[in-house]
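The lines below spell out each chain.
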Amino acid sequence: MKKFTALIFLFAGLSLVAQGSGRNHYSFDASYFYGTIAEHNTDIAHLITGHPQALILGFNKKSFGFKDWEKRYNYPDVGASFTYQDMKEPALGENYGLYVHMNFYLLKRSLMFRIGQGLAYAGNPYHPDENFRNNAYGSRLLSTTYLMANLKKENIINGFGLQAGLSVIHYSNADFKSPNTSTNTIGLNLGLNYVLDHENLPAYSPKIPGEKYTEPIHLNLVLRGGVNTMGVIGSKQYPFLTFSAFADKVINHKSTLQAGAELFLSKAMAERIRYQSIAFPSGDTSGDEDSKRVGVFVGHQLVFDKLSVITQLGYYVYFPYEHYVGQLYNRIGLQRKLTEKLWASVTVRSHWANAEAVELSIGYRL
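A quick note: this is a predicted structure, and the numbers were derived from the prediction, not measured.

Basis of the calculations
Residues numbered from 1 in each chain as written. Predicted model: local features only at pLDDT ≥ 70, side-chain atom pairs only at ≥ 80, totals over all residues. Heavy atoms only, no water. Buried < 20%, exposed > 50% of the residue type's maximum accessible area, 1.4 Å probe, protein only. Helix = DSSP H or I, 4+ residues; strand = E, 2+ residues; numbered from the N terminus. Pairing = 2+ DSSP bridges. Axes fitted to C-alpha atoms, helices over the stretch in contact; angles between N-to-C directions. Contact = heavy atoms within 4.5 Å. Salt bridge = Lys/Arg side-chain N within 4 Å of Asp/Glu carboxyl O.

Novice: Would you mind going over the pairing of strand E3 (residues 77-86) in detail, with residue names and values included?
Specialist: Looking along a regular strand, one sees the side chains alternate between the two faces of the sheet. Among the ten residues in E3, seven count as buried, and that is most of the element. Alignment of strand E2 (residues 53-62) against E3, held across nine bridges, turns out to be antiparallel. When the sheet's bridge partners are listed, Phe59 is paired in E3 with Ala80. In the sheet, E3 pairs with strand E4 (residues 94-106) via ten bridges, with the strands oriented antiparallel. Across the sheet, Val78 pairs through a bridge with Met102, a residue of E4.

Novice: Tell me about the sheet that holds strand E14 (residues 328-337), and please be specific about residues and values.
Specialist: Taken together, eight strands build a closed barrel; the order of strands is E9-E10-E11-E12-E13-E14-E15-E16 and the barrel is antiparallel. Sheet twist, expressed as the mean angle between neighbouring strand axes with direction ignored, is 25°. Bridging between strand E9 (residues 218-228) and strand E16 (residues 354-365) involves six bridges; their strand directions are antiparallel. Counterpart to Leu223 in the pairing with E16 is Ile362. Contacting E9, strand E10 (238-250), strand E11 (255-266) and strand E12 (293-304), helix H3 (residues 267-279) runs over the sheet at an angle of about 45° to E11.

Novice: Lay out the sheet that holds strand E6 (residues 141-157) with the relevant residues and their values.
Specialist: Note: strands within a sheet are paired through backbone hydrogen bonds, in either parallel or antiparallel orientation. Here we have eight strands rolled up into a closed barrel, ordered E1-E2-E3-E4-E5-E6-E7-E8, and antiparallel in their pairing. When the angles between neighbouring strand axes are averaged without regard to direction, this sheet yields 25°. Pairing of strand E1 (residues 25-37) with E2, which is carried by ten bridges, proceeds in the antiparallel orientation. The partner of Tyr26 across the bridge, within E2, is Lys61.

Novice: Explain the pattern of salt bridges to me, using residue names and the numbers behind them.
Specialist: Taken as a whole and judged by the stated rule, the model has 20 salt bridges. In this structure, Asp305 and Lys67 form a salt bridge, with 2.9 Å as the shortest nitrogen-oxygen distance. Here Asp305 is found in the loop between E12 and strand E13 (307-318), whereas its partner Lys67 is found in the loop between E2 and helix H2 (68-72), with 238 residues between them in sequence. Exposure remark for Asp305: the relative accessible area of 32% places this residue in the partly exposed category.

Novice: So what's going on with the environment of Ile251? Residues and values would help.
Specialist: Position of Ile251 relative to the elements: it lies in the loop between E10 and E11. In sequence terms Ile251 and Pro281 are 30 residues apart; their C-alpha atoms lie 53 Å from each other.

Novice: I'd like to hear about unusual backbone geometry, residue by residue, with values.
Specialist: At the junction of Ser178 and Pro179, the peptide bond is cis and its omega measures out at 0° in the coordinates. By the secondary structure assignment, Pro179 is in the loop between strand E7 (160-172) and strand E8 (183-195). Not every positive phi belongs to a glycine, and Asn74 is a case in point at roughly 60°. Following the sequence through the fold, Asn74 ends up in the loop between H2 and E3. Accessibility expressed as a relative area gives 22% for Asn74, which makes it partly exposed. Of note, Asn158 is a non-glycine position whose phi angle comes to about 50°, a positive value.

Given below as C-alpha cells:
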C-alpha cells in the first residue's frame, strides 16, 4: 500500500512535468522557513515546545503557453520540491518531504501561490516504548501537503531573484496507522530563486479571448479502496471499499461540477463497534450497530490537461453508528485521465481535520 501510493504520487508528478512542448526552461529556488506548530488539536499541546525551522528546495519547469491549458492558468510552473524540517521537539524529530507542486501567479506575476503534495519520512515516529510522547505520527511514511504564498521577483541580477512570504506544512498518515493526530506548521519563509538560461526566455503566447466549452452530463462509476485503522493505538490495519456513482457536468475547460452517492464498507468501523462494546460494556455501543454508511456529495474538478484536482463535500444520509466519525466528510486529491473513459485517483477522505483514509480509486466515465 505504501509503495503503491508513493508510485501514484510519482506518476502524477512526472505527468505534470512532462506536459508542454517546445524547448523547456527551468528555475530553482531555496527558502528558509521559521514557524510554529498550530494547536489544531489539544492532544498535541505537549509537542509544541519550540519554533520549527525548515529548508524548502524547489525545481520548476516554466510554461509560456505552448499548450492551451497553460494560457488558461496564466502560465503556471510545475515542478518538484524537497523539504527538510526540524520540528524543534525531540519527540517529533526531523522530517524529510518530497513533493510535486504547481506555482500560480497573480498581480503581474509578482504574487506566487504554490501548492505541493507528496510523501514525507518521519525521523522519530511513535513507538510504545521508545517514543510514546509522539502521538502525531504513527508511521515513518506520511502524507504531506504544503502551501506557499510569496511575493516573488525573478531575474533581478543575472538570473537571481528574491521571494518571501508565508508557508504551511502539513503531515499526516491519514489513519494508515495509529496514532495520527498530525501537525500543521505555519511560518515565514525567505529565499532566493534562479532562472536558468534567463537571457533566452521565450515570449508568452497570447491568451485565447472569449473561449467557451461545455459537455453533456456524464455518469461515472467508481471503485475506491485501501486500508486504515479503527483509530486506537495498536490497532491492526483493515481493508475498506467504497462504491460511488456520480454525474458530472463540464462547464468550461477548467471546471467540472459533480454530484453523486456512495456506499461505504469499512472493516475498521466494524472492529471499532466490536471493540467499544467489549471495552465499555455499560456504554452506548451494543455491538449490533451496522457499520455500513451511505453518503451523498457534491464536488468540483479543476482540470489541468490530463491531471485534475478533486474536491468534494459529502453528508452521510445513512449513519447508524455516530461514535466513529462526524456526519459531514470531505475528499481532496489528484485524478489522472488514463483513456477517454478510464481514470485513476489518489484522494484523502476526512471529517474536518480528522483524516479517515487514503483512497486509491479507479473510475469509468460513461
